[in-house]
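Secondary and tertiary structure notes
Spelled out, the chains give:
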Amino acid sequence: MSESAVRVEHLSFRYPGGPDVLTDISFTIAPGEIIGLVGPSGAGKSTLLQHLNGLLPSKLPEFVGQVCIDNIPVARQTIAEVRRRVGFLFQDPDDQLFCPTVFEDVAFGPLNLGLSDDEVRQRVRDSLTSVGLADYEPRSTLRLSLGERKRVCLAGVFACQPSVLALDEPFSSLDPRARRKLIAILKQFSGSQIIATHDLDIVVDLCHQVLLLDGGQLRAAGQTRDILGNVALMERHGLEVPWRLRPK
Amino acid sequence: MSESAVRVEHLSFRYPGGPDVLTDISFTIAPGEIIGLVGPSGAGKSTLLQHLNGLLPSKLPEFVGQVCIDNIPVARQTIAEVRRRVGFLFQDPDDQLFCPTVFEDVAFGPLNLGLSDDEVRQRVRDSLTSVGLADYEPRSTLRLSLGERKRVCLAGVFACQPSVLALDEPFSSLDPRARRKLIAILKQFSGSQIIATHDLDIVVDLCHQVLLLDGGQLRAAGQTRDILGNVALMERHGLEVPWRLRPK
Amino acid sequence: MHIQDGVLSPVVCAATGAISLGAVSYSVHRLQQSVGDRTIPLTGMMAALVFAGQMVNFPIGAPVSGHLLGGVLAATVVGPWAGCVAMTLVLFVQWALFSDGGLFSLGTNVLHMAVIGAWGGHSVRMFVQRFFGDSRKGIVIGSVVAAWATVMAAAALFCLEFRLSWSPREIDFSKVFTLMVSFHSLIGLGEALITGVAISFVLNQRPELICRMGTPARPIEGTGRSVHPTATAITRTLAAGFVIALAIAAFLSPFASSFDDGLEAVLGKLGIENFNLTGNVPGLLEDYDKVPVPVAAWQSIAVSFAGIGGTLAVFALAWLLGKVLPAAPPQLSEAAGE
Amino acid sequence: MSDFLDRFGRGQSMCHRWPPFVKLFAAVAMILAATCAPITHGPLVGIVACVIFFAHTLARIPLRYVGRRLLFFWPTLFLMAISLPLSQAGQKGWLLFVTILVRGTLSFSTALWLVNVMPFDQLLATLRRLRVPDVLLAILSLMYRFLFVLWDELDRMRTARSARLFRKPSLWETWRSAAHLVGRLLIRALDRADRIHGAMLARSWNGRTRWIEPRREDQR
Ligand SMILES: Nc1ncnc2c1ncn2[C@@H]1O[C@H](COP(=O)(O)OP(=O)(O)OP(=O)(O)O)[C@@H](O)[C@H]1O
Ligand SMILES: Nc1ncnc2c1ncn2[C@@H]1O[C@H](COP(=O)(O)OP(=O)(O)OP(=O)(O)O)[C@@H](O)[C@H]1O
Ligand SMILES: [Mg+2]
Ligand SMILES: [Mg+2]
């Protein structure tokens, strides 16, 4: 069991007063593996990802099962440790940007890790450069387009150098060049990753494995090409076989 | 000149205290035409679209040029009339939902148009069905996934039956089935449309013409295939030739 | 509601500022004990929210519109300590961005809106809630009453400060008082309504958001939800004291202030002043003993109406809002806290 | 959009370049002088007024802007001040009335000056150096950011509303939708606060907030 970076066991969850949003989900992610999380809108992808970061269980009792990150079970006592290891990207960048300037926002994580001022500046510069916003440091986080805000969020995540990435729709509202750049970065990243997205072409390109979620249940899991290339399966769950895998 | 649904003439704009975001933009959209607005992140797409709905000029002085909808110039006196004609979809659905339940939100426009109760109910049902959320009427707008919220916004726009659609990233965070459905709806729509998106494959499928915006300037305008298929042009502006147009 | 620099004398500003400084420091001290938990972002958000909420106008009549003040709302959501800090920051930022409300009178404004608003509002709510049990209805009624009471208290306090600022012996303030109290009983109604609606909205949509505090919680009957405990003996006493003080301030002081100069003298003064201001023909002077009577009567009627009518209206409002709440809230079974 | 707030804060005049402490103390001193100078000493008040006017010209703040702000400011001040002559007949009341108006106007213009030469982030940095408690600063900077986010959100929700509002709404409808706006904003904001908290923890936040300057060499 020591080789799993993320382990989810029999996870069930519902929002207060609502029906079940997740039902008995179990899977593991090996270190270094990239997992794509696909499924129709409202399937529960964001909800599942938030569990990996301990965003929901601490608040609500409607939570059965266990989530472990690097073999640490997510619980009230371990939540700080877990969140340090998981780099989490919110679907909405405004949920994640909380400092007045881009520099401060990206520097927030490294500063809290207790790095020296120079190291912090270095990390900020590096991660902003890697998302293509090198000269944005002094700008206000209030005056950015959506794609720019998303990339600042990504820079903030990278600057903490987490060991697991949980990204919710990282590619939406990015332009093609930023998207290509991000794919390259993610391919180089050494930790494990779980990426929820509707962009199946990118999943084919990037992910080793795919989890297919629909109606809160895990409908299929396996090699990317096997699952995304399965026309019947895709059709059944409101998805589409991506261009690359279509028989010509 | 009577045949233009949207006419933008020498539009320049900057946010107060910032550099120019739009510089000398001119174009027209004929009735029934579908225009794709593409460009890298921060190019000014959202800003341009907001002008079509009179969101910015009425408030700020940093605005030169003229925008006409159905030959009505956008100005303070005509803003109500213009907004009635233009169905505007915000990039962020949360900006657009303001009623507590899905039904109320979609019914808001038709109610204000003075339709009878039965007609209103009919329109709400139709437009929710068309975006695939038929049974969502009583749900709270605060408890929806992002894709669901986006579709409720779209339903709200369609329920008003506008004559021009200005859609900012309508496809992002939609799942493939919803996307396909939306494309079908837009193809059937009789008015003119201008759609800002990063999803160039859909542009190829849907749009008759393309405007390429970068750094606030109109870099190219013309037939979809000519522009999106032009490798050098696309490269220069941080875009990518879509899969469909790549030479195999 | 904002008091500008120059309206009060520097001494009064300094005195009220000192009281506010003490209160805010204590709030910050209490807040510091919860450093690292969600109180900090929540307080920042609440402050931003009150600020933004104040920008939404609720039209009353043609040119007049009211808006939210937010002290009670903040205290209901984040508790009195964080609520006080949030309101203080709102006032500070309003000064720093719009120069609304003066630098020296910042302390006074903080006293009126943050300390009375959050601390006072919280204790009134807790007091009222005791009569309704810890139900959802109790929360709504409590906060509606608290919202109205805090506005009235702030108005009364302002009169006192105003009087202290400008040579108390020579000026008759009962008119100022009448005006302020009647005017603010209306503003207070608006505030109560908006606060009540906002809180029932939250109770409907996200009941778990209201007043979660670090302290151990006990469940609300019928909902399985919990708020933080109503009170120790001390808070209860404090709350009762506050309410009584409020009652005195709102209802008794106009009469007291008229009585202390002697009724005769006041009536006389009013009559003369009436004459001077309106430039009435001297003929009116002959009716000297009669004219002032309706004025005085009007005055006490106005104040009484403001007080009693306002109270009744507030309770009616509270009752209505309580009724509107759905009978069966979503079932939660939470042990609260983080 | 909310950008009109610090329109002049980014200007480049002599006053803008003064060290923040100097600006702050200059403003405090001017307000102090304005609120303490007895109105009966005309020349003294005149001097204070001249100093404030001079400060405005130095900072190149357009007079029209100051005038417009004053136009909105006077009515409220007037309402408070008028109660004095109303409650006391004769000269004394009017004298106090004038006192309040003059003091209010002078200190308000001083505050306007400070707001315009001191951008908010500079004010924050100054407060930090004045050893204002960390908790307050952390809350303040969070508030500042979300102020704009919520404000813009509110603004856009309002516009979205007016885009589908094809006629003049009744008073009741206006109230209802204003309440909905506030309610929705409230809940979204509170939920967002939770997510922000998560995002902060995810970046190793432990309640202590550290601050550094971007780069010493080429600060703005
Ligand atoms: N705060 C909430 N309270 C109650 N129900 C919610 C809440 N948030 C989401 N839901 C519901 O939970 C379900 C799953 O939502 P989730 O956001 O996880 O979907 P998703 O897979 O991320 O969808 P999308 O692709 O549109 O982002 C949806 O049916 C949604 O309506
Ligand atoms: N409120 C604002 N104040 C000042 N500048 C702004 C504001 N909003 C956007 N900008 C700037 O204006 C430029 C254009 O922004 P806009 O949102 O129009 O881009 P976009 O083309 O829609 O990008 P995206 O694809 O990321 O949505 C960007 O450089 C951005 O930084
Ligand atoms: Mg999602
Ligand atoms: Mg955009």
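Please read all numbers here as calculations on a predicted model, not as lab measurements. (Residues numbered from 1 in each chain as written. Chains lettered and ligands numbered in written order. Predicted model: local features only at pLDDT ≥ 70, side-chain atom pairs only at ≥ 80, totals over all residues. Heavy atoms only, no water.)

**Some words on the packing of helix H3 (residues 102-112) of chain B against helix H5 (residues 146-159) of chain B**
Residue and element names in this part refer to chain B.
- Between H3 and H5, the shortest axis-to-axis distance is 7 Å and the interhelical angle comes to 25°. Between H3 and H5, the interaxial angle falls into the category roughly parallel. Our pair here, H3 against H5, has a crossing hand that is right-handed. Of the residues in H5, those touching H3 at Val-102, Val-106 and Pro-110 are Val-152, Ala-155, Gly-156 and Ala-159.
- Of the residues belonging to the contact of H3 with H5, the class tally is six nonpolar, one polar and no charged. (Axes fitted to C-alpha atoms, helices over the stretch in contact; angles between N-to-C directions. Helix = DSSP H or I, 4+ residues; strand = E, 2+ residues; numbered from the N terminus. Parallel < 35°, antiparallel > 145°, perpendicular 65-115°, else oblique. Left-handed = near helix turned anticlockwise from the far one by under 90°. Contact = heavy atoms within 4.5 Å. Nonpolar A, V, L, I, M, F, W, Y, C, P; charged D, E, K, R; others polar.)

**Comments concerning the coordination of the magnesium ion (ligand 4)**
Residue and element names in this part refer to chain B.
- Within the protein, the magnesium ion (ligand 4) binds to Ser-46 (OG) and Gln-91 (OE1); these donor distances fall in the range 1.9 to 2.3 Å. Pair noted here: Ser-46 is in helix H1 (residues 45-52) and Gln-91 is in the loop between strand S6 (86-89) and H3, with a separation of 45 residues, a long-range link.
- The exposure class assigned to Gln-91 is buried, which follows from its relative accessible area of 18%. (Donors = N, O, S within 2.8 Å, 3.2 Å for Na, K, Ca; no water. Buried < 20%, exposed > 50% of the residue type's maximum accessible area, 1.4 Å probe, protein only.)

**Observations regarding the pattern of salt bridges**
- Applying the stated rule across the entire model yields 25 salt bridges over all chains.
- Note that D:Arg192 is salt-bridged to D:Glu153, the shortest N-O span being 3.3 Å. Residue D:Arg192 is located in helix H8 (residues 171-202), and its partner D:Glu153 is located in helix H7 (residues 134-163); the two are separated by 39 residues in the primary sequence.
- A relative accessible area of 2% places D:Glu153 in the buried class.
- Here the residues in one salt-bridge network are A:Asp92, A:Asp95, B:Asp94, B:Arg149, D:Glu153, D:Arg184, D:Arg188 and D:Arg192, joined through shared partners. (Salt bridge = Lys/Arg side-chain N within 4 Å of Asp/Glu carboxyl O.)

**Quick look at the site of ligand 1**
- Contacts to ligand 1 come from 19 residues, most closely from A:Ser46, A:Thr47, B:Arg139, B:Ser145 and B:Gly147.
- More than a single chain frames ligand 1: its nearby residues are located in chains A, B and C.
- Take A:Ser46: an N or O atom from its side chain is 2.6 Å from an oxygen atom of ligand 1.
- Every element with two or more residues in the shell around ligand 1 is listed here: helix H1 (45-52) of chain A together with H5 of chain B.
- Residues of the shell around ligand 1, tallied by class, amount to five nonpolar, nine polar and five charged. (Near = heavy atom within 4 Å. Polar contact = N/O pair within 3.5 Å; in protein donor to acceptor, adjacent residues only side chain to side chain.)

**A word on the confidence of the model for chain D**
Residue and element names in this part refer to chain D.
- Averaged over every residue, the pLDDT of chain D is 76; residues scoring 70 or more account for 85%.
- Within chain D, the element-level pLDDT minimum falls on helix H1 (residues 14-17), averaging 72, and the maximum on helix H2 (residues 20-36), averaging 84.
- A low-confidence stretch, residues 1-6 (pLDDT under 50), is modelled with 19 contacts involving residues beyond four sequence positions or located in other chains.
- For the stretch residues 216-220, pLDDT sits under 50, and the model shows six contacts to residues farther than four places along the chain or on other chains.
- Two numbers describe this predicted complex: its pTM, 0.78, and its ipTM, 0.79. (pLDDT = per-residue confidence, 0-100.)

**Things to note about the sheet that holds strand S3 (residues 34-38) of chain B**
All names here are of chain B.
- One open sheet accounts for six strands, arranged S6-S7-S8-S3-S9-S10; its pairing is mixed. The strands lining the two open edges of the sheet, one partner per strand, are S6 and strand S10 (217-223). Strand-to-strand, the axes of this sheet are offset by a mean angle of 15°, without reference to chain direction.
- Sheet topology places S6 next to strand S7 (residues 164-168); four bridges connect them, and they run parallel. From the neighbouring strand, Val-86 faces S7, where its bridge partner is Val-164. (Pairing = 2+ DSSP bridges.)

**Brief notes about the pairing of strand S8 (residues 192-196) of chain B**
All names here are of chain B.
- Among the five residues that make up S8, five are buried, leaving the element largely enclosed by the rest of the structure.
- Bridge count between S3 and S8: four bridges; the pairing is parallel. Bridge pairing links Ile-34 to Gln-193 in S8.
- With five bridges joining them, S7 and S8 adopt parallel strand pairing. Residue pairing across strands places Leu-167 opposite Ile-195, the latter belonging to S8.
- What joins S7 to S8 is helix H6 (residues 176-188), and the crossover it makes is right-handed. (Right-handed = clockwise from strand over helix to strand, strands pointing away.)

**Digging into helix H6 (residues 120-129) of chain D**
- What H6(D) keeps buried is the set D:Phe120, D:Leu123, D:Leu124, D:Ala125, D:Thr126 and D:Leu127.
- Tucked inside the fold, the buried residues of H6(D) contact helix H4 (80-98) of chain C together with H2 and H7 of chain D.
- In the segment just after H6(D), D:Arg131 is the residue with positive phi, at about 65°.

**Considering the site of ligand 2**
- Every one of the 20 residues lining ligand 2 counts as a neighbour, but A:Arg139, A:Ser145, B:Ser41, B:Ser46 and B:Thr47 are closest to it.
- Separating an oxygen atom of ligand 2 from a backbone N or O atom of B:Gly42 is a distance of 2.9 Å.
- One nitrogen or oxygen atom from the main chain of B:Gly44 is found 3.0 Å from an oxygen atom belonging to ligand 2.
- Contact with the protein chains covers 90% of the free accessible surface of ligand 2, which is 640 Å².
- Listed by contribution, the elements that provide at least two residues to the shell around ligand 2 are helix H5 (146-159) of chain A together with H1 of chain B. (Areas by Shrake-Rupley, 256 points an atom, 1.4 Å probe, with all protein chains shown as cover.)

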